[in-house]
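Coordinates in review
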Amino acid sequence: MKSLLITGGLGFIGSNFIRLLLEQTDCEKIVNLDKETYAGNPENLADFESDPRYVFSLGDICDAKLVSDLLEKYQPDALVNFAAESHVDRSIDGPEPFVQTNVVGTLKLLESFKRYYTAQSEDRKKSIRFLHVSTDEVYGSLVLKIPHFQKLHPMHPIVRTLLQKRELII
Ligand SMILES: NC(=O)c1ccc[n+]([C@@H]2O[C@H](COP(=O)([O-])OP(=O)(O)OC[C@H]3O[C@@H](n4cnc5c(N)ncnc54)[C@H](O)[C@@H]3O)[C@@H](O)[C@H]2O)c1
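Cut-offs applied
- Residues numbered from 1 in each chain as written.
- Predicted model: local features only at pLDDT ≥ 70, side-chain atom pairs only at ≥ 80, totals over all residues.
- Helix = DSSP H or I, 4+ residues; strand = E, 2+ residues; numbered from the N terminus.
- Rg over C-alpha atoms; globule rule 2.2 N^0.38 Å.
- Buried ≥ 20, exposed ≤ 12 C-beta atoms within 10 Å, placed from the backbone.
- Contact = placed C-beta atoms within 7 Å.
- Core = buried A, V, L, I, M, F, W, Y, C linked by C-beta atoms within 7 Å.
- Near = placed C-beta within 6 Å.
- Nonpolar A, V, L, I, M, F, W, Y, C, P; charged D, E, K, R; others polar.
- Pairing = 2+ DSSP bridges.
- Axes fitted to C-alpha atoms, helices over the stretch in contact; angles between N-to-C directions.
- Left-handed = near helix turned anticlockwise from the far one by under 90°.

1. Looking at the overall build of the protein
- For the protein, the helix and strand inventory stands at seven helices and five strands.
- Taken against the 2.2 N^0.38 rule, which gives 15 Å for 170 residues, the C-alpha radius of gyration of the protein at 17 Å falls within 12% of a compact globule.
- For the protein, the spread of C-alpha atoms along the three principal axes comes to 50 × 40 × 30 Å.
- Relative to its full complement of 170 residues, the protein shows a buried share of 22%.
- Across the protein, every contact between residues at least 6 apart in sequence was considered, and the portion connecting residues at least 24 apart equals 70%.

2. A look at the nonpolar core
- Counting 22 residues, the largest nonpolar core has Leu-5, Ile-6, Val-31, Leu-70 and Leu-71 as the members making the most contacts within it.
- Among the elements of the structure, strand E1 (3-7), helix H1 (12-24), strand E2 (29-34), helix H2 (64-74), strand E4 (78-81) and helix H4 (96-118) are those that each provide at least two residues to this core.
- Ignoring anything within four residues of it in the chain, the contact list for Leu-70 reads Leu-5, Val-31, Leu-33 and Ser-57.

3. Overview of the site of the ligand
- As a structural note, the neighbourhood of the ligand is formed by 26 residues, with Gly-8, Gly-11, Ile-13, Ala-39 and Gly-40 the closest of them.
- For the shell around the ligand, the element with the highest residue contribution is H1, accounting for three residues.
- The residue inventory of the shell around the ligand, partitioned by class, reads eleven nonpolar, eleven polar and four charged.

4. Let's talk about the pairing of E4
- As judged from the four bridges shared by E1 and E4, these two strands associate in the parallel manner. Paired with Leu-4 across the strands is Ala-78, a residue of E4.
- The pairing of E4 with strand E5 (residues 129-132) spans four bridges and is classified as parallel. Across the sheet, the residue bridging to Val-80 is Leu-131, located in E5.

5. Structural notes on the packing of H2 against H4
- Contact geometry for H2 and H4: axes closest at 9 Å, N-to-C directions at 35 degrees. Classified by chirality, the crossing of H4 by H2 is right-handed. Contacts from Ala-64, Val-67, Ser-68 and Leu-71 of H2 reach H4 at Lys-108, Leu-109, Glu-111, Ser-112, Phe-113, Arg-115 and Tyr-116.
- Residues that form the contact of H2 with H4 fall into these classes: six nonpolar, two polar and three charged.

6. Details of the sheet that holds strand E3 (residues 54-58)
- The parallel open sheet is built from five strands, whose spatial order is E3-E2-E1-E4-E5. Edge positions in the open sheet fall to E3 and E5, since each of these has one partner strand only. Neighbour-to-neighbour, the strand axes of this sheet turn through a mean angle of 15 degrees, independent of strand direction.

Given below as structure tokens:
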């Protein structure tokens, strides 16, 4: 993959992912769309500010026009979504940003990416990807006999609780 659109790349996992791409791969363009919420820290990637392969875009994944413009302009091989309200305890006092970003924002990203994907040639469709990063509270946990998640792996958050009770979780 030569060119990626990363969302939420100023956060904990996204910034480390971008660092790894820039330091250890031959990627040509990394576009980072981040809203710079309390969880996003520009210092995480400050040492790449002058790297011509790195582009930062301040904005919200709920902004469908912005997302579509970035997809059109940079024609990425993949969109990797790390943008999230991830500090779950905050949702008790203020659930709205969680619904906006995690639900509405993910939907907007998927819709924009679908339009982008549909316009690609049949050959290119085989290689471009939308990767949604989430958590075991959504996907469920792996069980001992499964080495890694696969495309057709069912999402099953309740498995975590059931397996924990049986001490099978890894
Ligand atoms: N940190 C972990 O240990 C861990 C473990 C498992 C899964 N995950 C999942 O990985 C994903 C990323 O986690 P993290 O720890 O890096 O999160 P984080 O809270 O550190 O970072 C989230 C980033 O998203 C940005 N963001 C928030 N709302 C946005 C919006 N509307 N538009 C654009 N950017 C927005 C923030 O500014 C921040 O930079 C989450 O889905 C999380 O559930 C994290």
